[in-house]
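# Observations on chain architecture
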Amino acid sequence: MTIERLEEEFSDPALIRLMAKIASACTEISDAIRVQAIDDSKDGSGNLSGRAESTNVQGEEQMKLDIYSHDVFVKACKESNSCVGLISEEVEEYIDLREGGGERGKRGEQEGLAPSSSSDQIHDGGQELGEEKKYIVAFDPLDGSSNVAYGVSVGSIFSVFEYKTTGEGDTRNPIEEVLKPQTGRNVMCAGYCVYGSSTDLVIATRKNTRVVGWTLDPSSNTYVKTRADISIPQRGKIYSINEGYEHKFSEGMKRYIRDCKESSSMTARYVGSMVADVHRTLLAGGTFHYPLGKLRMLYECFPMALMIEVAGGLSISDTGSNTLDSAVESIHERGAIHLGSKENMDDLKKCLRL
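Conventions we followed
- Residues numbered from 1 in each chain as written.
- Predicted model: local features only at pLDDT ≥ 70, side-chain atom pairs only at ≥ 80, totals over all residues.
- Heavy atoms only, no water.
- Helix = DSSP H or I, 4+ residues; strand = E, 2+ residues; numbered from the N terminus.
- Buried < 20%, exposed > 50% of the residue type's maximum accessible area, 1.4 Å probe, protein only.
- Contact = heavy atoms within 4.5 Å.
- Areas by Shrake-Rupley, 256 points an atom, 1.4 Å probe, with all protein chains shown as cover.
- Pairing = 2+ DSSP bridges.
- Axes fitted to C-alpha atoms, helices over the stretch in contact; angles between N-to-C directions.
- Polar contact = N/O pair within 3.5 Å; in protein donor to acceptor, adjacent residues only side chain to side chain.
- Parallel < 35°, antiparallel > 145°, perpendicular 65-115°, else oblique.
- Left-handed = near helix turned anticlockwise from the far one by under 90°.
- Nonpolar A, V, L, I, M, F, W, Y, C, P; charged D, E, K, R; others polar.

Glancing now at the overall build of the protein chain. Summing up its helical and strand segments, the protein chain has seven helices and 16 strands in all. Within the span of the protein chain, comprising 354 residues, buried residues form 53% of the whole. Pairs at least 24 residues apart make up 68% of the contacts formed inside the protein chain by residues separated by at least 6 positions. Of the roughly 15200 Å² that the protein chain leaves accessible, carbon and sulfur atoms contribute 45%.

What follows deals with the sheet that holds strand β10 (residues 210–217). Here nine strands make up an open sheet; going across it, the order is β1-β11-β10-β9-β8-β7-β6-β4-β5 and the pairing mixed. Strands at the two margins of the open sheet, each flanked by one partner only, are β1 (2–3) and β5 (95–96). Pairing analysis gives five bridges linking β10 to strand β11 (residues 222–227), with the strands arranged antiparallel. Its bridge partner lying in β11, Thr 215 is registered against Val 224. Contacts from helix α2 (residues 64–80) reach β4 (83–88), β5, β6 (135–143) and β7 (154–162), with the element oriented near 155° to β6. Each of β6, β7, β8 (187–195), β9 (199–205), β10 and β11 is contacted by helix α5 (residues 274–284), which is oriented at about 105° to β8, the strand it contacts most.

What follows concerns the sheet that holds strand β12 (residues 238–240). Remark on secondary structure: sheet strands pair via backbone hydrogen bonds, oriented parallel or antiparallel. Read across the sheet, five strands follow the order β13-β12-β14-β16-β15 without closing on themselves; strand pairing throughout is mixed. Each having just a single partner strand, β13 (267–268) and β15 (314–316) make up the two edges of the open sheet. Two elements, β12 and β13, share two bridges in a ladder whose sense is parallel. The partner of Tyr 239 across the bridge, within β13, is Ala 268.

Quick look at the environment of Glu 243 now. In this fold, Glu 243 is placed in the loop between β12 and α4 (251–262). Taking relative accessible area as the criterion, Glu 243 reaches 23% and is therefore assigned partly exposed. Residues Glu 243 and Ile 257, 14 residues apart in the sequence, show an inter-C-alpha distance of 8.7 Å. Beyond its immediate sequence surroundings of up to four residues, Glu 243 is in contact with Ile 257, Lys 261 and Ala 268. A distance of 2.9 Å separates a polar atom in the side chain of Glu 243 from a polar atom in the side chain of Lys 261.

A few words on the packing of helix α1 (residues 13–34) against α2. It is at 8 Å that the axes of α1 and α2 come closest, and there the two elements cross at 155°. With respect to each other, α1 and α2 are oriented roughly antiparallel. For the pair α1 and α2, the crossing hand works out as right-handed. In contact with Arg 17, Leu 18, Lys 21, Ile 22, Ala 25, Cys 26, Glu 28, Ile 29, Ala 32 and Ile 33 of α1, α2 contributes Leu 65, Tyr 68, Ser 69, Val 72, Phe 73, Lys 75, Ala 76, Cys 77, Glu 79 and Ser 80. Partitioned by chemical class, the residues of the contact of α1 with α2 number 13 nonpolar, two polar and five charged.

Burial of helix α6 (residues 297–310) is extensive: 12 of the 14 residues sit out of reach of the surface. Phi turns positive, to about 105°, at Gly 312, one or two residues after α6.

When β12 meets strand β14 (residues 287–296), the two strands line up parallel, connected through two bridges. Paired with Tyr 239 across the two strands is Thr 287, which belongs to β14. In terms of strand pairing, β14 meets strand β16 (residues 334–340) through six bridges, oriented antiparallel. Within β16, the residue paired with Tyr 290 across the bridge is Ile 337.

Positionally, His 70 belongs in helix α2. C-alpha separation for the pair His 70 and Ala 25, spaced 45 residues apart in sequence, amounts to 9.7 Å.

To continue, consider the environment of Lys 180. Looking at the element boundaries, Lys 180 is found in the loop between α3 (175–178) and β8. Look at Lys 180 and you get partly exposed, because its relative accessible area is 31%. Spatially, the C-alpha atoms of Lys 180 and Val 328 are 7.3 Å apart, while their sequence positions differ by 148 residues. With sequence-adjacent residues up to four places away left out, Lys 180 is seen in contact with Asn 186 and Ala 327.

This is how it looks when you write it as C-alpha cells:
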C-alpha cells in the first residue's frame, strides 16, 4: 500500500508508518464493505452482512462489519510499531500496547470476522522494532455501519495523541495523556476515510495547519493525493441535521432551522453517516449539527472539529465553546457538536444567542 507524497505531511518516521498502516486498514475495510453480502464459504457463514448479536460499550447493536473493522484497525496500529495504546468505540477498555501492558479489547478474531496478522513483529520501511512508541490512536472503525446494507456512504474516523515519556522507569498510564484539560487541543493529527463512490482518505495535521485528501486508485493500490490543501468555504448553502428529532431541540436550534428553511439560499442534506455529512460540509461548506450530545468526543467530535478548524471553519458545543477546548473525563464520553463554515456558524450562534 502506497500513500502518494505522505512524507510531505509528516517528518516523524513512526507517524509516517502509522498513517501508512491506517491507510492499509481503510483499504481492507473498503474492500470488505464492497463484498460484505457475498458469502464465499462452504458452510454459508462467511459473509459480513447483518448484525453480530452483540453490543458495544454504549449499548448499541453491533454489525459484523463493526467488529471486523475494529480488528483490522487494531492489527494495523500494532503492526506500525508506533503506538503505546488504542481507544476504540467497539470495546469498553483502553487497549494497552506497551510491552507487558496486557493488551485487551480483542473482539472478532475468535469469531473469525477479521484476518489475524501473520506476525505482530514486522519490519516496515527499515525501521527497527526497538524504537520508541509514541502515539495513542482513538478511532471509530466504521461510522454508520447500519447504512452499509443500503449502499450509503460510511467511513472510519481517528485521532492521534502523542505520548511523551519522561524517561526510563516511566510508570504513567498513557491514558493520562489523553484525558487532560483542553483534551481536544492535544490532538496532534486526525482524519477520516469515506467509503462511497470512491474511497477518500482525509487527514489534518495541527503542525502543518492544512487538510489533505487522497483518493484510492484500486488498480495500483495507491492513495493518490487529490486535494493538497482543503479550505472550507466561508459560507455554504447546505445545513445538515436529523430533523426527525426537532421536537427535542432547543428553541435556538429550532430558530436556526426555521431561518434556513425560509432562506432562498439554503437547502437541507442529511445522509445519516457523520463521515459522509462532514466530508460534504468540508468540501462544499455549510453546517453539520448533532445537538443531542450522543457523539463520542475522542473519536468523533475532536477529529472532525480539528479537520474543520484547520480548514478554516468552526466547531462549537451547545454552549458555544470551541469543541477543541473541551475536556473529557472518560474515554467514551459523549457531547454535542455543531461545525461548518464560519459565516454560517455565526448565523447559528446568533440563533442560539451565544
